[in-house]
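Single-letter residue listing:
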Amino acid sequence: MWKLPAAVVLLASLNLSAGETPMVTVIPQETGELLPNPGIGWQTFHRTRTQDKSLPDWLPSTMHYARWGWGTLEPEPGKIDTAFLDKVLQDSREAGQQLAFRVMCCSTTPRDPYFPKWLKDAGGKILETQYGTGPALPVPDLDDPVVLERHLDFIKRLGERYDGHPDIDHIDLGSVGWWGEWHMSNAQGASMPTPETQRKIVDAWLAAFKKTQLLMLIGGGKMLTYATQRGTGWRADCLGDLGGFSKTWCHMRKGYPFWIQQAGVGDAWKSAPVAWESCWDMRRWVQENWPLRFIFNYALALHGSVLNNKSAPLPEGPEIRPEIERFVRRLGYRLVLRELKHPAAAAAGKELTLSMKWQNVGSAPCYRPYRLAYRLSPLPLEHPTPLPPRGRGQGEGVGAGPGAQPSPSPLPGRERDTVLVGGAAVNRWMPGSVPLFTEDFYKGEWDLPNGEVNDVADRVALPADTPPGRYRLSLAVIGEKTLTPAIRLGIQGRAEDGWYPLSQLTVTSD
């Protein structure tokens, strides 16, 4: 006989009135494990998870982040190096990761200028500048008509090839300013392109990538406002700086609060991701005695989804791993099923209602409209009798609510299992928040609260040809176009196939 997992508490309703349907209540047990879910967590940098020697075994990573110059991706005029980018995507996929990347045009390294070598020969204007008191540097004049035309064409063709690619999580809307960060700080002899040119470049990225998520750099000023209002998230590349550049200015206390408030992007996280990158790397934070707890709380409070530590070795010390685990456990979405209720029995061909309580205990929403799904698996009868065979594709049950699928589908190799897709999407479940940039905020003596508990009533129709009997009821959050579990939940009891067996349901013929 099949038994419920130890991680699940099941309660049956008692003292029922005559004719009242018995109910089953399931209370899953929460887990503290780090969840390797898509779109969130620890990023590796210019190497995949399997190539990253600095990534400890206990730290999951589902995203590979990289930055390349325009010239790397377009080494010849009009010819994107698809072989190069396809190989990176393949390596990422084989490592169990998706790719995120940025394209850059202006470099502070003389031997690696980022823009294509052929650009000047094509008639593009190249400026000579310096970064501070450093050597002379060539940078493209993005206001020049030839440079702008070629650059916009490159963005368009990149989107034609890669927009919506399943192995790409997001792309930084870079390509302007030093390192694609939308600023030309300390530049001598060069400046940012005109507002008109900046908008043309932003519009080109938005037009080229309508399916793939874009993230704007936080230094973009008015273009940060413009881009986020059109669906981008944002990225900040100096998390942790509490005084490494100046005794009177730092990113965490001066830069980020000003840029976020100036651009009005304090609520952008509600619809698009926030990405962080460590300033230097975490070893510098420890060397400077900057508090890890405050830095990590800061990143969570601003609703970050990912962090890139540049694949640098982690700092040493007994307190490092517990702090990182605490941070990664909350970074991005983390969905916990608190309770599930459903009738103990339901009739074939009739509607089954499932009442649930869900909570997002992470720092950000899940930005993908993943759906709840339920699987019925036949259980042996106490006095077994042969069940009639069910061919693949039989049944006309429908899920109720928006986004429900028109018919249940058995999984390959499990012809007697039936998957019913509900109408509830998980991207509506918000995390908790705290007031930002206040005196109490900078004290850092707080934890990000969990999100509100969401009462979810989902309905699915059992196929009319469902054979009477007992069934194991399992739950999963599935992808947008498949019946495969897409994410791990913050509860115990996950089976090897990604489903969570939670209870039993008796199907009757009435």
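Before reading on, note that the structure itself is shown above.
A quick note: this is a predicted structure, and the numbers were derived from the prediction, not measured. (Residues numbered from 1 in each chain as written. Predicted model: local features only at pLDDT ≥ 70, side-chain atom pairs only at ≥ 80, totals over all residues. Heavy atoms only, no water.)

### Looking at the pattern of salt bridges
For step 1, the next point in the chain: Inspection of every chain in the model, using the stated rule, returns 29 salt bridges.
For step 2, the next point in the chain: Between Glu74 and Arg157 there is a salt bridge, with the nearest N and O atoms lying 2.5 Å from each other. Taken together, the residues span a long stretch of sequence, with Glu74 in the loop between helix 1 (70–73) and helix 2 (82–94) and Arg157 in helix 3 (residues 145–162) at a distance of 83 residues.
For step 3, the next point in the chain: Judged by relative accessible area, Glu74 falls into the buried class, the value being 1%.
For step 4, the next point in the chain: Residue Arg102 is joined to Asp237 by a salt bridge in which the shortest nitrogen-to-oxygen separation is 2.7 Å. In this pair, Arg102 is assigned in strand 5 (residues 98–104) and Asp237 in strand 11 (residues 233–239), connecting sequence segments 135 residues apart.
For step 5, the next point in the chain: Exposure remark for Arg102: the relative accessible area of 0% places this residue in the buried category.
For step 6, the next point in the chain: Within this structure, Arg67, Arg102, Asp172, Arg235, Asp237, Glu277 and Lys310 form a network of salt bridges that share partners. (Salt bridge = Lys/Arg side-chain N within 4 Å of Asp/Glu carboxyl O. Helix = DSSP H or I, 4+ residues; strand = E, 2+ residues; numbered from the N terminus. Buried < 20%, exposed > 50% of the residue type's maximum accessible area, 1.4 Å probe, protein only.)

### Considerations on the packing of aromatic side chains
For step 1, the next point in the chain: Per the counting criterion, the structure on display carries 27 aromatic pairs.
For step 2, the next point in the chain: Aromatic pair Trp70 and Phe154: ring centres 6.0 Å apart, planes at 35°, arrangement tilted. Here Trp70, found in helix 1, pairs with Phe154, found in helix 3; they are 84 residues apart in sequence, far enough to count as distant. No difference in accessibility class separates Trp70 from Phe154, as the two residues are buried.
For step 3, the next point in the chain: Note that Arg230 overlies the ring of Tyr226, its terminal NZ or CZ placed 3.6 Å from the centroid. (Phe/Tyr/Trp six-rings, centres within 6.5 Å; stacked < 30°, edge-to-face > 60°. Lys NZ or Arg CZ within 6 Å of the ring centre and 35° of its normal.)

### Quick notes on the nonpolar core
For step 1, the next point in the chain: Residues Leu158, Trp205, Trp234, Trp276 and Tyr298 are the most contacted members of the largest nonpolar core, which totals 94 residues.
For step 2, the next point in the chain: The element contributing the most residues to this core is helix 8 (residues 292–301), with eight residues.
For step 3, the next point in the chain: Each residue touching Trp276, except ones within four places of it in the same chain, is listed here: Trp234, Arg235, Ala236, Leu239, Tyr256, Tyr298, Ala299, Leu302, Gly304, Val306, Leu307 and Asn308.
For step 4, the next point in the chain: Counting 38 residues, the second largest nonpolar core, distinct from the first, contains Leu335, Leu354, Leu376 and Leu473. (Core = buried A, V, L, I, M, F, W, Y, C linked by side-chain atoms within 4.5 Å. Contact = heavy atoms within 4.5 Å.)

### Observations regarding the sheet that holds strand 7 (residues 136–140)
For step 1, the next point in the chain: On the basis of which strands lie adjacent, the open sheet formed by three strands has the order 7-6-9 and antiparallel pairing. Sheet topology places strand 7 and strand 9 (187–188) at the edges, where each strand pairs with a single neighbour.
For step 2, the next point in the chain: Across five bridges, the pairing between strand 6 (residues 126–131) and strand 7 is antiparallel. Residue pairing across strands places Ile126 opposite Pro140, the latter belonging to strand 7. (Pairing = 2+ DSSP bridges.)

### Notes on helix 9 (residues 320–330)
For step 1, the next point in the chain: Within helix 9, eight of the 11 residues are buried, which leaves it mostly tucked inside the rest of the structure.
For step 2, the next point in the chain: Every buried residue of helix 9 is accounted for by Ile320, Glu323, Ile324, Glu325, Arg326, Phe327, Val328 and Arg330.
For step 3, the next point in the chain: Of the surrounding elements, those touching the buried residues of helix 9 are strand 3 (41–45), helix 7 (282–287), helix 8 and strand 13 (306–308).

### Let's talk about the packing of helix 8 against helix 9
For step 1, the next point in the chain: Where helix 8 contacts helix 9, the axes come no closer than 10 Å and their chain directions differ by 10°. Classified by the angle their axes make, helix 8 and helix 9 are roughly parallel. Of the residues in helix 9, those touching helix 8 at Leu292, Arg293, Phe296, Asn297, Ala299 and Leu300 are Ile320, Glu323, Ile324, Arg326, Phe327 and Arg330.
For step 2, the next point in the chain: The residue inventory of the contact of helix 8 with helix 9, partitioned by class, reads seven nonpolar, one polar and four charged. (Axes fitted to C-alpha atoms, helices over the stretch in contact; angles between N-to-C directions. Parallel < 35°, antiparallel > 145°, perpendicular 65-115°, else oblique. Nonpolar A, V, L, I, M, F, W, Y, C, P; charged D, E, K, R; others polar.)

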